[in-house]
Amino acid sequence: MSPSAALARIRLNPHSRAVQRDLRNATDMHRTLMRLVPDGLGGSPRQAAGLLYRLDVTDTFSTLLVQATALDPTRLPDDYGHADVKDLTPVFNALQKGLAVRYRIVVNPVKTERLSLENKGRRGKRIALTGPDADQWWARRALEAGLHLTTALPTLVAAVHGGDSAAAVRHHLVRYDGTATVTDPDALAEAVLVGIGRAKSYGAGLLSLARAAA
C-alpha cells in the first residue's frame, strides 16, 4: 500500500492580521497550522499528524505549503488566504529507482558540538552550518533519503524566530533547489512523509518533488 498524505497550497493574504502575526513568529505559525489537523493526537501531535510546512516567497506573493496525513483548511483563520489541497498518493506511486526529479527543500543544517572527555554525558550545543559545510550536510542527508543529487542551488532564507522577545528561539535556514536521481524509492517516500532534519515546527524539512523534464 502506498503512503498517504495531503498537501495544501495556501496563497497568503498579506493584509490578514493573523498572517502578519504568524510571519513574525514561527511559534504562532505552527500553532495556526496545527488547527488544520485532527484533535486528540496525544503528546506529540505534530509528529503524529505528520505536519510539515514551508514558506515560499516571491516578489509578488507568499505561498505556504502544508503537508500532513489529513488537513482541513476550513479551520484556518478567516481571510488567512486561499487554499488548494491535493492528494500526494500519485507522487508516491511515481517514485521508482532511476527516476530523475526536481526538488525543493528548506533545511536547518546543524552539527552538535563535540565535547571533551571531562564533559562526558553532556550534550554539546548545536552549531549552524553555512557555505560548503551546509552543502555537504544536505548531500549526505539527501543520499540517506534515497536521492543522489545532480545539482543543488543554495539560497539563504531569513532565520525564523519563535517565542517571546525575551527568550526567542532562532533557527538558521537554507533552501536548496535542484535535480536528483531516485536511488531508494522506499527511503524517499519515508523522507517525504516525515521530513528531513531539525526545526520541522519552524518551517524546515518539507521535501517537494516533481518529475524532471526529459
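Residues numbered from 1 in each chain as written. Predicted model: local features only at pLDDT ≥ 70, side-chain atom pairs only at ≥ 80, totals over all residues. Heavy atoms only, no water.

Enquirer: Can you tell me about the packing of aromatic side chains, naming the residues and giving the values?
Expert: Under the counting rule described, the total for this entry stands at two aromatic pairs. Taken together, a centroid distance of 5.6 Å and an interplanar angle of 55 degrees make the contact between tyrosine 103 and tryptophan 138 tilted. With a gap of 35 residues between them, tyrosine 103 in strand β5 (residues 100-107) and tryptophan 138 in helix α5 (residues 131-144) connect regions that are remote in the sequence. On the basis of relative accessibility, which here comes to 4%, the residue tyrosine 103 falls in the buried class. You can call tryptophan 138 buried: its relative accessible area is 0%. Between tryptophan 138 and tyrosine 176 the ring centres are 6.0 Å apart and the planes differ by 20 degrees, which places this aromatic pair in the stacked class. Placement of the pair is tryptophan 138 in helix α5 and tyrosine 176 in strand β10 (residues 169-182), with a sequence separation of 38 residues. A residue is classified by how much of its surface remains accessible, and tyrosine 176, at 1% relative accessible area, is buried. Cluster of aromatic residues (ring-pair linked, three or more members): Tyr103, Trp138 and Tyr176. Across the ring face of phenylalanine 61, the terminal group of arginine 11 is positioned such that the distance to the ring centre comes to 3.8 Å. (Phe/Tyr/Trp six-rings, centres within 6.5 Å; stacked < 30°, edge-to-face > 60°. Helix = DSSP H or I, 4+ residues; strand = E, 2+ residues; numbered from the N terminus. Buried < 20%, exposed > 50% of the residue type's maximum accessible area, 1.4 Å probe, protein only. Lys NZ or Arg CZ within 6 Å of the ring centre and 35° of its normal.)

Enquirer: Describe in detail the nonpolar core, supporting the description with residues and values.
Expert: Judged by nonpolar contacts, the single largest core of 32 residues is most densely connected at Tyr103, Trp138, Leu147, Tyr176, Leu207 and Leu209. For leucine 147, the contacting residues outside a window of four places in its chain are Val101, Ala142, Ala180, Thr181, Val182, Thr183, Leu188, Leu207 and Leu209. Core analysis: the next-biggest nonpolar cluster, separate from the first, contains 27 residues, Ala8, Met34, Val37 and Leu64 among them. (Core = buried A, V, L, I, M, F, W, Y, C linked by side-chain atoms within 4.5 Å. Contact = heavy atoms within 4.5 Å.)

Enquirer: Give a detailed account of the pattern of salt bridges, specifying residues and quantitative values.
Expert: In this structure the tally under the stated criterion is eight salt bridges. In this structure, aspartate 56 and arginine 54 form a salt bridge, with 2.9 Å as the shortest nitrogen-oxygen distance. For the residue pair aspartate 56 and arginine 54, the accessibility class agrees, reading buried in each case. Counted as one network, the salt bridges with shared partners bring together Arg54, Asp56, Arg104, Arg175 and Asp177. (Salt bridge = Lys/Arg side-chain N within 4 Å of Asp/Glu carboxyl O.)

Enquirer: An account of the sheet that holds strand β2 (residues 52-57) is needed here, citing residue identities and associated values.
Expert: Ordered in space as β2-β3-β1-β4, the four strands form an open sheet in which the pairing is antiparallel. Only two strands of the sheet have a single partner each, and these edge strands are β2 and β4 (81-87). With direction set aside, neighbouring strand axes in the sheet form an average angle of 20 degrees. Strand direction decides the pairing type here: strand β1 (residues 6-12) and strand β3 (residues 62-68), joined by six bridges, are antiparallel. Its bridge partner lying in β3, leucine 7 is registered against glutamine 67. Sitting on the sheet, helix α2 (residues 26-33) touches β2 and β3, and the angle it makes with β2 is about 120 degrees. (Pairing = 2+ DSSP bridges. Axes fitted to C-alpha atoms, helices over the stretch in contact; angles between N-to-C directions.)

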